[in-house]
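What follows is the residue order along each chain.
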There are 2 protein chains.
Amino acid sequence: MHSSSVLSPPNCSLLKRSHRNQIEKLSLAPLKNLPFCGLRNEILAFEFSKLNRCEAQRVRNFLRNKIVSASVAENGNAPTSFDYDLVIIGAGVGGHGAALHAVEKGLKTAIIEGDVIGGTCVNRGCVPSKALLAVSGRMRELKNEHHLKALGIQVSGAGYDRQAVADHANNLASKIRNNLTNSLKALGVDILTGVGTITGPQRVKYGKVGFSGSEVTARDIIIATGSVPFVPRGIEVDGKTVITSDHALKLEFVPEWIAIVGSGYIGLEFSDVYTALGSEVTFIEALDQLMPGFDPEISKLAQRILVNPRKIDYHTGVFATKITPAKDGRPVVIELTDAKTKEVKDTLEVDAALIATGRAPFTNGLGLENINVLTQRGFIPVDERMRVVDADGNLVPHLYCIGDANGKMMLAHAASAQGISAASSRES
Amino acid sequence: MHSSSVLSPPNCSLLKRSHRNQIEKLSLAPLKNLPFCGLRNEILAFEFSKLNRCEAQRVRNFLRNKIVSASVAENGNAPTSFDYDLVIIGAGVGGHGAALHAVEKGLKTAIIEGDVIGGTCVNRGCVPSKALLAVSGRMRELKNEHHLKALGIQVSGAGYDRQAVADHANNLASKIRNNLTNSLKALGVDILTGVGTITGPQRVKYGKVGFSGSEVTARDIIIATGSVPFVPRGIEVDGKTVITSDHALKLEFVPEWIAIVGSGYIGLEFSDVYTALGSEVTFIEALDQLMPGFDPEISKLAQRILVNPRKIDYHTGVFATKITPAKDGRPVVIELTDAKTKEVKDTLEVDAALIATGRAPFTNGLGLENINVLTQRGFIPVDERMRVVDADGNLVPHLYCIGDANGKMMLAHAASAQGISAASSRES
């Protein structure tokens, strides 16, 4: 974790072939032509053949890190040697993709995670939501007597155990989380626990919020901190009756009537889950029609197949300007305001409200102020190669931002692809 | 149906735009340059403008057919005018694809079918088998308590009604069959009922076997008669306890123990259906391993997922040299002969046997002898453009064969693609 760790012998059996090959190549390269030195003689004088394999690699690693350090020594504020070739802040799908690719390319890599490995997709998004959808789809079919009868299937006493359904989703997330963690460890990626803060060029601190933590240096840094549910002003989330997708995926409660604020893909997925489990759903959509961001053909099909035949109604062209959680026997109260006239139009009283109004980039505590970076609508500005742009419009050397935090395309696969791209395009 | 029908006015509203365009183009073409005539003056003298639209088209059609006739009049045995541009023998998926494409290209088209529209795929293959698999997959899941419990789903009783499952498969086939029939009719394809026999070049007779029937002439003929289950010698199929896929898809009986002779995709699909519905299965495979025709990676997966965890055992390297149906309380008896030594090795007594040893081309009554065509291992020889090759190795003019009957690739989609290709590549 400290710069001395560069000198600790690598675990030979875990070192990937590609990594080893790169080290071999480095030691055999015609070093006399390299433009930096003082080290050259040391390298050339060294007889690798006298060392055993592990020792040889240890020395090669040492020399290689020295070379890397020397190559960036001209930068005033930057460190002159690095603990890592690459440090990634955030171990979601984007950071994981970047880390795997970096290791494949022979980079000494660390990943900083303040919560759980896998990020939103694995723990609070794609994975648990698909687990819930798998159950809800089956429940919907089992409750459709006409359909089963047409198939010649007879079923009696079909029901679900809410806690068991929740456990299934949680178990699946946990299984995939463990797989991701193990893959990082097996490849030799250091997992550094805590919130990552950029303290200056090529420097990151990590640790518990409010504690001093440890600092590492890195030739390159990738920010991959992702996003969190966005909650508009006036809405009070209590995590029980007024919830976001983070809470809903835990399925602690199946309300009789739930309002879903926002009819994008997150809201639509939950309408599927809740109606299959017996809830009635009311969508609240600020734009004039449901699923306004969808391709029109898809939204037409979704309306016909996933909305109309189900216990779903909707208010469009209205904002949920105020939502208060249920308390002391009172229901959840939702104030609806006309999107055009801005006048309060209606009040809904429901058992629960799910806020599915999109996601906001997560950059709290990242220390962007230490490197003169200002977010734009919360997102970290990047160029087309994911290089971070500072407040003066200049590229920040050796700093990238991928995934939801840059706002280019807020999807897990995009983050992973951007991570691989960023890990490939290190500056020379 | 007769040559006079060429002169009957086309139904204008049903005439496709592409057909109309072709007719317009024909009448406006510089006909004086065409190398055949006696008709030229008539055509040029005719004032289309004096006719109403339907009359004009009628005349254009007449002239167009005359031109077509003239172009082939040099063939001694061939007719000098044609009832149809194209006659297709067999209305399976291949014939249907060819017919639709032919109409799209503006050809006057008829299709001869002696059984049901849709052929094997729709009535005795892909469609009903997938309907059975849809039910059996659900039954398998409903009987898997461990799996359901892990999902959080409770089901107290699940079963199936054999007749209702069979009806579901039959209803689906019938629905698709009706859709195909309606599409042919709506496009103006004449459906001629009966067995088609080629009586000479560009001549086809159709009608009930043993009756005189009607004869039509066609500029081009496509044979699309498909295939039937292949039953090796020594096996007595009674349709009740010793059956082929034709019978099995009717699901008249779910035996406790069924032997499936042949472990290709047909046998494998039925092993899935029968084990899900409660049967035990024994495969009899002549080659040394199950699913010998599969890609090795696929067969490995299939063995692990679809065979090993189920009540399936198998004998490989043996032929079922003799199978006698159950009778008077005796079970089905299967004689197994070693594939290498040719010695009888074992005898199985089971409740039923499904013969899934492949499919044989269906060319009965086609009249191939009338045009000097000899089948090769039952298949009709064709070149790479699906043109039929006669016993002397020459192409038979204006005759194509597509689909299972040519044996190139015995799959419905291949038949359809070949049909479209053949309908496109008419000889000039």
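Above this text is the structure in question.
Given the structure is predicted, the values throughout are model-derived calculations rather than measurements.

How should the environment of A259 of chain B be read in this particular structure?
All names here are of chain B. In this fold, A259 is placed in strand 11 (residues 257-261). Given a relative accessible area of 0%, A259 falls into the buried group. It is 40 Å that separates the C-alpha atoms of A259 and I198, two residues lying 61 residues apart in sequence. What A259 contacts, discounting residues up to four positions off in sequence, is T282, I284, I334, V350, A352, A353 and L354.

Mind showing me how you'd approach a negative patch on the surface here?
A grouping of E256, E280, D313 and D351 of chain A is seen on the molecular surface, where their side chains present a negatively charged patch. Among the secondary structure elements, D313 of chain A is positioned in strand 13 (residues 312-316).

What's the story with the sheet that holds strand 10 (residues 242-244) of chain B in this structure? I'm lost.
The strands making up a sheet are joined through hydrogen bonds of the backbone, oriented either antiparallel or parallel. Residue and element names in this part refer to chain B. The 5 strands are arranged 10-17-11-12-13 in an open sheet whose pairing can be described as parallel. The open sheet is flanked by strand 10 and strand 13 (312-316), the only strands paired with a single partner. With strand direction ignored, the average angle separating the axes of adjacent strands in the sheet is 20 degrees. In this structure, strand 11 lies alongside strand 17 (residues 352-355), joined through 4 bridges in parallel fashion. Bridging from a neighbouring strand, A259 pairs with A353 of strand 17.

How do you make sense of the pattern of salt bridges when you look at a structure like this?
A side chain of one charge can pair with a side chain of the opposite charge when the charged atoms of the two come close. Tallying each qualifying case throughout the model produces 22 salt bridges over all chains. A salt bridge links K340 of chain A to D288 of chain A, with the nearest nitrogen and oxygen atoms 3.4 Å apart. You can see K340 of chain A sitting in the loop between strand 15 (332-338) and strand 16 (344-350) and its partner D288 of chain A sitting in the loop between strand 12 (280-285) and helix 11 (296-307), a full 52 residues away along the chain. When its relative accessible area of 64% is taken as the criterion, K340 of chain A is described as exposed. D288 of chain A gets classed as exposed once you look at its relative accessible area, which sits at 55%. The residue E215 of chain B makes a salt bridge to R203 of chain B at a minimum N-O spacing of 3.3 Å.

What should I look at first to understand the packing of aromatic side chains in this one?
Aromatic ring pairs: the centre-centre distance and the angle between the two ring planes describe each pair. All names here are of chain A. On inspection of all chains with the given rule, the structure shows 2 aromatic pairs over all chains. When the centroid spacing of 6.2 Å and the interplanar angle of 35 degrees are considered together, the rings of F270 and Y274 count as tilted. Here Y274 and F270 lie together in helix 10 (residues 265-276), a separation of 4 residues that amounts to about one turn. Accessibility classification places F270 together with Y274 in one group, the buried group. The cationic tip of K208 hangs over the ring face of F211; the distance from NZ or CZ to the ring centre is 5.9 Å.

So what exactly am I meant to see when it comes to the environment of V122 of chain A here?
Residue and element names in this part refer to chain A. Mapped onto the secondary structure, V122 falls in helix 5 (residues 119-124). Of the residues examined, V122 reaches a relative accessible area of 3% and is grouped as buried. For the pair V122 and S174, spaced 52 residues apart in sequence, the C-alpha to C-alpha distance is 8.2 Å. Not counting the four nearest positions on each side in its chain, V122 is found in contact with V93, V127, P128, A173, I176, R177 and L180.

Whenever I open this one, the relation of the copies chain B and chain A confuses me. Can you help?
The two chain copies are related to each other by a rotation about an axis together with a translation along it. When chain B is brought onto chain A, the operation consists of a screw motion whose angular component is 180 degrees and whose axial shift is 0.0 Å, with 0.1 Å RMSD remaining. Seen this way, the second copy is the image of the first under a two-fold rotation axis. The share of interface residues of chain B whose copies in chain A are also at the interface is 100%, consistent with both copies meeting through the same surface.

Is there a simple way to think about the interface of chain B and chain A in this case?
Interface size is commonly expressed as the accessible surface area that is lost when the partners come together. Across the boundary between the two partners, chain B contributes 21 residues, which contact 21 residues of chain A. Carbon and sulfur atoms supply 54% of the area buried between chain B and chain A, which totals about 1700 Å² over both sides. Ranking the residues of chain B by area buried against chain A places R138, L151 and Q154 of chain B at the top, with a combined share of 31%. Counting across the interface, chain B meets chain A through 2 salt bridges. We note a salt bridge from R138 of chain A to E141 of chain B, for which the minimum N-O separation is 2.6 Å. One can count 9 residue pairs in polar contact (both at pLDDT 80 or more) joining chain B with chain A.

Hey, could you run me through the packing of helix 6 (residues 126-142) of chain A against helix 8 (residues 162-186) of chain A in this one?
Packed helices, taken two at a time, are described by the angle their axes make and the gap between the axes. All names here are of chain A. Put simply, helix 6 and helix 8 touch, their axes get as near as 8 Å, and they point 140 degrees apart. Between helix 6 and helix 8, the angle is such that the two are oblique. Note on packing geometry: the crossing formed by helix 6 with helix 8 is right-handed. On helix 8, the residues touching V127, P128, A131, L132 and V135 of helix 6 are V165, H168, A169, L172, A173 and I176.

Honestly, the nonpolar core in this entry has me stumped. Any pointers?
Across soluble globular proteins, you tend to see nonpolar side chains buried next to one another. Counting residues in each nonpolar core, the largest one holds 68 residues, and the members touching the most others are F270, Y274 and L354 of chain A together with F270, Y274 and L354 of chain B. Those residues in contact with L354 of chain B that sit more than four places away from it in its chain are I243, T244, S245, A248, I258, A259, I260, V261, F270 and Y274 of chain B.

Help me understand helix 6 (residues 126-142) of chain B, please; the structure alone is not making it clear to me.
Side chains of residues three or four places apart in an α-helix project in the same direction, reflecting 3.6 residues per turn. Taking 1.5 Å per residue as the helical rise, helix 6 of chain B with its 17 residues ought to reach 24 Å, and the 24 Å between its terminal C-alpha atoms agrees with that figure. Every buried residue of helix 6 of chain B is listed here: V127, P128, S129, A131, L132, V135, S136, M139 and L142 of chain B.

The rules behind each value
Residues numbered from 1 in each chain as written. Chains lettered and ligands numbered in written order. Predicted model: local features only at pLDDT ≥ 70, side-chain atom pairs only at ≥ 80, totals over all residues. Heavy atoms only, no water. Helix = DSSP H or I, 4+ residues; strand = E, 2+ residues; numbered from the N terminus. Buried < 20%, exposed > 50% of the residue type's maximum accessible area, 1.4 Å probe, protein only. Contact = heavy atoms within 4.5 Å. Patch = residues over 30% accessible without salt bridge, like charges linked within 9 Å, V, L, I, M, F, W, Y side chains within 5 Å. Areas by Shrake-Rupley, 256 points an atom, 1.4 Å probe, with all protein chains shown as cover. Salt bridge = Lys/Arg side-chain N within 4 Å of Asp/Glu carboxyl O. Lys, Arg positive; Asp, Glu negative; His and termini not counted. Charge placed at Lys NZ, Arg CZ, Asp CG, Glu CD. Pairing = 2+ DSSP bridges. Axes fitted to C-alpha atoms, helices over the stretch in contact; angles between N-to-C directions. Phe/Tyr/Trp six-rings, centres within 6.5 Å; stacked < 30°, edge-to-face > 60°. Lys NZ or Arg CZ within 6 Å of the ring centre and 35° of its normal. Least-squares fit on C-alpha atoms with pLDDT ≥ 70 in both. Buried area = accessible area lost by both parts, 1.4 Å probe. Polar contact = N/O pair within 3.5 Å; in protein donor to acceptor, adjacent residues only side chain to side chain. Parallel < 35°, antiparallel > 145°, perpendicular 65-115°, else oblique. Left-handed = near helix turned anticlockwise from the far one by under 90°. Core = buried A, V, L, I, M, F, W, Y, C linked by side-chain atoms within 4.5 Å. Expected span 1.5 Å × (residues − 1).

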